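# Geometric and topological summary
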Amino acid sequence: MRVEIFLDTASVKEIREILPWGIISGVTTNQKIFLAEKGVNFRDRVFEVLSLVDGPLSLELTKTTGSDDDLIEEAREYSSWNPKKVVIKVPMFGDGRGLRIVNRLKRENIKTNMTCMMSTNQVLLAAKVGATYASIFFNRVKDSGVDPVRVIQESKRIIKESDFATRIIVGSIRNPEDVNEAALAGAHIVTIPYKILVQMPFHQKTE
């Protein structure tokens, strides 16, 4: 099993620092992460990141209170910036709306990352509809009283045995131990915030 590491950031500084390590193969972002960059132009920053990272970049939809067509149009715009690298983050809305959006984007060959996954059932639906990635939120699952390791393991088994193409991204990482657990549970990808990733090479006894 090959485990990939993505960097969960919108900071060019953080990307430039970590890239020479040779360990990251993609980047995930969300609107909260972009807001932390304090007023950067969204489109300009996306193009900066695309120029640095030779791998997928997940961008989150913002028009979540609009119609399906509003979300599809926003997704088309982002994807047009780099159809090969840009992946559209679509939330798993409780009314099935996210599945409709992913289904439509799949038919247009737009890559998707179905996000905010809390259960195996949600991952099954995302895989069935053809999401490129399904993002399980490790610690938010734990906060809800459910074992995230079990959710990852069950999801991985379903994907493997049903021969789905969807890849599991595990996010909501709060400490280095979460990375260990997610990787051992079978995550295809763990997306890690900079502040956690920089802790991982260090061990007191190694020093």
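One can find the structure itself at the top, above this paragraph.
Rules used throughout
- Residues numbered from 1 in each chain as written.
- Predicted model: local features only at pLDDT ≥ 70, side-chain atom pairs only at ≥ 80, totals over all residues.
- Heavy atoms only, no water.
- Axes fitted to C-alpha atoms, helices over the stretch in contact; angles between N-to-C directions.
- Helix = DSSP H or I, 4+ residues; strand = E, 2+ residues; numbered from the N terminus.
- Parallel < 35°, antiparallel > 145°, perpendicular 65-115°, else oblique.
- Left-handed = near helix turned anticlockwise from the far one by under 90°.
- Contact = heavy atoms within 4.5 Å.
- Salt bridge = Lys/Arg side-chain N within 4 Å of Asp/Glu carboxyl O.
- Buried < 20%, exposed > 50% of the residue type's maximum accessible area, 1.4 Å probe, protein only.
- Phe/Tyr/Trp six-rings, centres within 6.5 Å; stacked < 30°, edge-to-face > 60°.
- Lys NZ or Arg CZ within 6 Å of the ring centre and 35° of its normal.
- Pairing = 2+ DSSP bridges.
- Right-handed = clockwise from strand over helix to strand, strands pointing away.
- Polar contact = N/O pair within 3.5 Å; in protein donor to acceptor, adjacent residues only side chain to side chain.

Packing of helix α5 (residues 97-107) against helix α6 (residues 120-129) brings their axes to within 9 Å, and their N-to-C directions diverge by 25°. Taken together, the axes of α5 and α6 are roughly parallel relative to one another. Where α5 crosses over α6, the two elements pack in a sense that is right-handed. Within the contact between the two elements, α5 uses Leu99, Val102, Asn103 and Lys106 and α6 uses Leu125, Ala126 and Val129.

What follows concerns the pattern of salt bridges. A pair can form between side chains of opposite charge whenever their charged atoms are brought close. Scanning the entire structure with this criterion turns up eleven salt bridges. The partner of Arg167 in a salt bridge is Glu4, and the shortest N-O contact between them spans 2.8 Å. Here the residue Arg167 occupies a position in strand β7 (residues 167-171), and Glu4 occupies one in strand β1 (residues 4-8), the gap between them amounting to 163 residues. Here Arg167 falls in the partly exposed class, since its relative accessible area comes to 26%. Residue Glu4 is classed as buried on the basis of its relative accessible area of 12%. Here Asp68 ties to Arg100 by a salt bridge, and the two come within 2.8 Å at their closest N and O atoms. Residue Asp68 is located in helix α4 (residues 68-81), and its partner Arg100 is located in helix α5; the two are separated by 32 residues in the primary sequence.

Attention now moves to α5. Among the residues making up α5, those that are buried are Arg97, Gly98, Leu99, Ile101, Val102 and Leu105. Check the buried side of α5 and you find it contacts α4, β4 (86-91), β5 (112-117) and α6. Just downstream of α5, Asn109 is the residue with a positive phi angle, here 60°.

This next bit is on the packing of aromatic side chains. Within this structure, the stated rule accounts for six aromatic pairs. Judged by centre distance (6.4 Å) and plane angle (70°), the ring pair of Phe6 and Tyr133 falls under edge-to-face. Highlighted residues: Phe6 in strand β1 and Tyr133 in strand β6 (residues 133-137), separated in sequence by 127 residues. Ring centres of Tyr78 and Trp81 lie 5.2 Å apart, and the angle between their planes is 45°; on these two criteria the pair is classed as tilted. Taken together, the positions of Tyr78 and Trp81, both in helix α4 and three residues apart, correspond to about one turn of that helix. You'll find Tyr78 and Trp81 in the same group, each marked buried. One residue, Arg97, lies across the ring of Phe93, its end atom 5.1 Å from the ring centre.

Judged by how many residues are buried, strand β8 (residues 189-193) sits mostly within the fold: five of five residues are covered. Bridge analysis of β7 against β8 gives two bridges, and the strand direction is parallel. Within β8, the position partnered with Val170 by the bridge is Val190. Traced from β7 through helix α9 (residues 176-185) to β8, the parallel crossover comes out right-handed.

Here the focus is the environment of Thr191. With respect to the secondary-structure elements, Thr191 resides in strand β8. Linking Thr191 and Asn113, residues 78 residues apart in sequence, is a C-alpha distance of 13 Å. Residues contacting Thr191, with those up to four places away along its chain left out, are Phe6, Leu7, Asp8, Thr28, Ile169, Val170, Gly171 and Ile173. Engagement of the side chain of Thr191 in a polar contact is seen with the side chain of Thr28, the distance being 2.5 Å.

Nothing here speaks to function; it is all geometry.
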